[in-house]
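Chain and residue survey
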Amino acid sequence: MARRRKPRRRTLGGEIAHLRLRYKLPGQDRSRLIETPVLASQVTRSPSESLRLASAVAGFADALRGGSRMDGWSLDAMIQSATAAKGRDPNGERAELVALMKLAQAQIDPNQETRIGLGR
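Notes on the structure in this doc start here. (Residues numbered from 1 in each chain as written. Predicted model: local features only at pLDDT ≥ 70, side-chain atom pairs only at ≥ 80, totals over all residues. Heavy atoms only, no water.)

1. Description of the packing of helix 1 (residues 49-64) against helix 2 (residues 75-84)
Axis separation between helix 1 and helix 2 bottoms out at 8 Å; the angle between their running directions is 150 degrees. Comparing their axes, helix 2 and helix 1 come out roughly antiparallel. Crossing of helix 1 against helix 2: the hand is left-handed. Contact with helix 1, carried on its side by R52, L53, A56, G59, F60 and A63, involves L75, M78, S81, A82 and A84 of helix 2 and no other residues of that element. (Axes fitted to C-alpha atoms, helices over the stretch in contact; angles between N-to-C directions. Helix = DSSP H or I, 4+ residues; strand = E, 2+ residues; numbered from the N terminus. Parallel < 35°, antiparallel > 145°, perpendicular 65-115°, else oblique. Left-handed = near helix turned anticlockwise from the far one by under 90°. Contact = heavy atoms within 4.5 Å.)

Structure, rendered in structure tokens:
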């Protein structure tokens, strides 16, 4: 019986991806471009508190617009994720976000559709 070999990771200088992000600041016409390599040494098994909080914020923003991009991720789950990712919060901004998410959740009529926002 032949032994199976583990697949080799081939990377060029440890780079596993290249990120290109273009954005516009409010009120400006010209976009800006950020380019950066993603190195194998930067990848972790579990996301940081900041990334988990940012994903909860993105999910909540989508929910406020009608929830078209976060199918399967409930507002309850977003609140739990944001709560778990609060971490150190010296100015109370993360706690304020969770409170805002809970206020939005309280506005949902349990007898109606569970989506919130303008895109109902």
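Structure shown, so let's carry the discussion forward.
2. Focus on helix 2
Looking only at helix 2, the buried set comprises L75, M78, I79, S81 and A82. Considered in projection along helix 2, the buried side chains sweep an arc of 160 degrees and stay on one side of the axis. Turned more than 90 degrees away from the buried face of helix 2, the exposed residues are Q80 and A84. Buried positions along helix 2 lie against helix 1 and helix 3 (93-106). (Buried < 20%, exposed > 50% of the residue type's maximum accessible area, 1.4 Å probe, protein only. Arc of directions from axis to C-beta.)

3. Description of the nonpolar core
Counting 14 residues, the largest nonpolar core has F60, L75, A82 and M101 as its most contacted members. For this core, the elements supplying multiple residues, two or more each, are helix 1, helix 2 and helix 3. The contacts of A82, once residues within four sequence positions are left out, are L53, A56, V98 and M101. (Core = buried A, V, L, I, M, F, W, Y, C linked by side-chain atoms within 4.5 Å.)

4. A few points about a nonpolar patch on the surface
Together, L19, L21 and I34 line one region of the surface with nonpolar side chains, adding up to about 250 Å² of accessible area. Considering the arrangement of structural elements, one finds L19 in strand 1 (residues 15-23). (Patch = residues over 30% accessible without salt bridge, like charges linked within 9 Å, V, L, I, M, F, W, Y side chains within 5 Å. Areas by Shrake-Rupley, 256 points an atom, 1.4 Å probe, with all protein chains shown as cover. Salt bridge = Lys/Arg side-chain N within 4 Å of Asp/Glu carboxyl O.)

5. Regarding helix 1
Over its 16 residues, helix 1 extends 22 Å from the first C-alpha to the last, a length consistent with the 22 Å expected when each residue adds 1.5 Å. Within helix 1, the full set of buried residues consists of L53, A56, G59, F60, D62 and A63. Residue G66 follows helix 1 closely and has a positive phi angle near 115 degrees. (Expected span 1.5 Å × (residues − 1).)

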